[in-house]
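# Coordinates in review
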Amino acid sequence: MTETLTPGQARLAQLEAIWRSGEPAVLDRAVKPAVEAAEALVRQAAEGEEAVYGVNTGFGKLASVKIPAEQTEALQRNLILSHCCGVGEPLDTPATRLMMVLKLLSLGRGASGVKWETIELIEGMLAQGVTPVVPDQGSVGASGDLAPLAHMAAVMIGAGEALYGGERLPGAAALERAGLAPIVLGPKEGLAMINGTQFSTACALVGLWTAWRSARECIVTAALSTDAIMGSTAPLVDAIHTLRGHSGQIAAARAQRALMDGSEIRESHREGDPRVQDPYCIRCQAQVTGAAIDLLRRAGEVLEIEANAVTDNPLVLVEEGRIVSGGNFHAEPVGFAADQIALAVAEIGAIAQRRVALMVDPNLSFDLPPFLTPEPGLNSGLMIAEVTTAALMSENKHLANPCTTDSTPTSANQEDHVSMAAHAARRLSRMNANLHTILGVEAICGAQGIGFRAPLATSVPLQRAVARLRERVPAIEADRYLAPDLQAAGELIRDGELSAAAGMDLDLGVA
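Residues numbered from 1 in each chain as written. Predicted model: local features only at pLDDT ≥ 70, side-chain atom pairs only at ≥ 80, totals over all residues. Heavy atoms only, no water.

Further remarks concern the layout of surface pockets. For the largest pocket, the calculated volume is near 490 Å³. Around the largest pocket, the lining comprises 21 residues; the ones closest to its centre are Trp 19, Asp 92, Val 206, Thr 210 and Ser 429. Breaking the lining of the largest pocket down by element, the ones donating at least two residues are helix 1 (12-21), helix 9 (198-228) and helix 17 (421-452). In terms of residue class, the lining of the largest pocket is made up of 9 nonpolar, 5 polar and 7 charged. (1 Å grid on protein atoms, 1.4 Å probe; cavity = no way out; pocket = protein on both sides within 12 Å on 5 of 7 lines; lining within 4 Å. Points joined across faces, edges and corners; volume = space filled by probe spheres on them. Helix = DSSP H or I, 4+ residues; strand = E, 2+ residues; numbered from the N terminus. Nonpolar A, V, L, I, M, F, W, Y, C, P; charged D, E, K, R; others polar.)

Quick look at the structure:
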């Protein structure tokens, strides 16, 4: 089903559905008059004598060079080809298609000066499955994501490369096979295509949505860990969290408390337990994960605004009858949001890793066998699985260092402060993959620990989560080749399977 988007009004849930489903998108046809009015104003400027940046001038440091009207088409084509300087691995297809959707939203605001035909070609590429090959390195996040977006635009003019029908083809061939035709860019259109934050924003949104799922799954794995070590649910009492007032913390505590309600393991040690308090990784789970949830919510609010924003340059102010050069292409808000997401991902993983360490340590796990194996010594159990989580936790701590503070001047000092939003957003994919494994190992350890508490049973919701895990990862009775188990558990986390099985009701998104 094709999704119809209204520029300026797209919501995160709508964009996430497009990203996950791969369905095409089109703009509401009500925006066409505004798009055409802006294009008319640009064409008028291109035919005039006054120098207008990007319309009849060079770009960046070459902005003072006036371009004759008869060369404006060549100017725009040259811009695209010269800016195709991306390197690295191709961005994955779902993220690339999301980037194209975000470009549609920006152009549809009627402030970029592109032809309606240009918008229709992007829509056609989405509908027919023509996906530009976009290298994922080369953008500093100002003046927009120039190199990545140039690789997208190159296909539209019959250059570059694209994926179509499972093949990697020259851009012109991909368009032809899909029944589409390349366009000739008019005045300012090349600049409208490559100025903008759509690459950074798409990668940041993918990082956000992936982290949302991990935050939900983390509450389930924390509940499993708490029951495995016979931890207390007293720190989840609602009054503790409402007295502090942070909404993420309140939500995390309530969700975990509901998951553990009815656990025989929990009820068995309410009286006579010699321990007074649990370690922070158990006792402060709601505070830490809740703070991460709040960070993700705030990042989501920023990225929803940016997804609807006009971020190219110059901007066509139709009501004022002028074209104005500004700086909306600077992706600082996206970089900050990506840095926040990175902090949240790193901290969710950091506290989860400490719970893994707690469960495998017989000095801390309240009578669980060393490394959660029935025959320690002969078997090493989950000893090295815990080491793997420590390695991934440490890697994520390193990757969580801020990117936005690492500006460097480019383009002969014309672009002398940049956001580094592109790799701030790109690194989230690796961080989320690391987190999936950490939480997957926690789920394995938690389920294994709960098994050792038999005949006492955990709660019904957690029993369902364990059952779902056991479909992919059997209980560990003796040492075996564990790598496939870690991968399978990580995939369950990635896909949100444990929280779904447990029936956990927790909305983390932006409405």
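Scanning all chains against the criterion turns up 24 salt bridges. Across the pair Lys 115 and Glu 189 runs a salt bridge, and its minimum N-O distance is 2.3 Å. Highlighted residues: Lys 115 in the loop between helix 4 (93-107) and helix 5 (116-128) and Glu 189 in helix 8 (residues 189-194), separated in sequence by 74 residues. What makes Glu 189 buried here is its relative accessible area of 1%. Close ionic contact of Glu 497 with Arg 468 constitutes a salt bridge, the shortest N to O distance being 3.1 Å. A residue pair is termed long-range when its members are at least 10 positions apart, and Glu 497 in helix 20 (residues 497-502) and Arg 468 in helix 18 (residues 460-472) qualify at 29 residues. (Salt bridge = Lys/Arg side-chain N within 4 Å of Asp/Glu carboxyl O. Buried < 20%, exposed > 50% of the residue type's maximum accessible area, 1.4 Å probe, protein only.)

The omega angle of the peptide bond from Ala 142 to Ser 143 is 10°, so this bond is cis rather than trans. Along the chain, Ser 143 falls in the loop between strand 5 (135-137) and helix 6 (146-156). Even without being a glycine, Lys 188 presents a positive backbone phi close to 70°. In this fold, Lys 188 is placed in the loop between helix 7 (171-177) and helix 8. With phi around 60°, Phe 366 is a residue other than glycine that occupies positive phi space. For Phe 366, the position within the fold is in the loop between helix 15 (332-360) and helix 16 (383-399).

Once that is clear, we can look at the sheet that holds strand 4 (residues 131-132). Spatially, 4-6-7 is the arrangement adopted by the 3 strands of the open sheet, whose pairing is antiparallel. Across the chains shown, the open sheet's two edge strands, defined by having one partner strand only, are strand 4 and strand 7 (167-170). Pairing between strand 4 and strand 6 (residues 161-164): 2 bridges, direction antiparallel. Bridging across to strand 6, Pro 132 finds its partner in Ala 162. (Pairing = 2+ DSSP bridges.)

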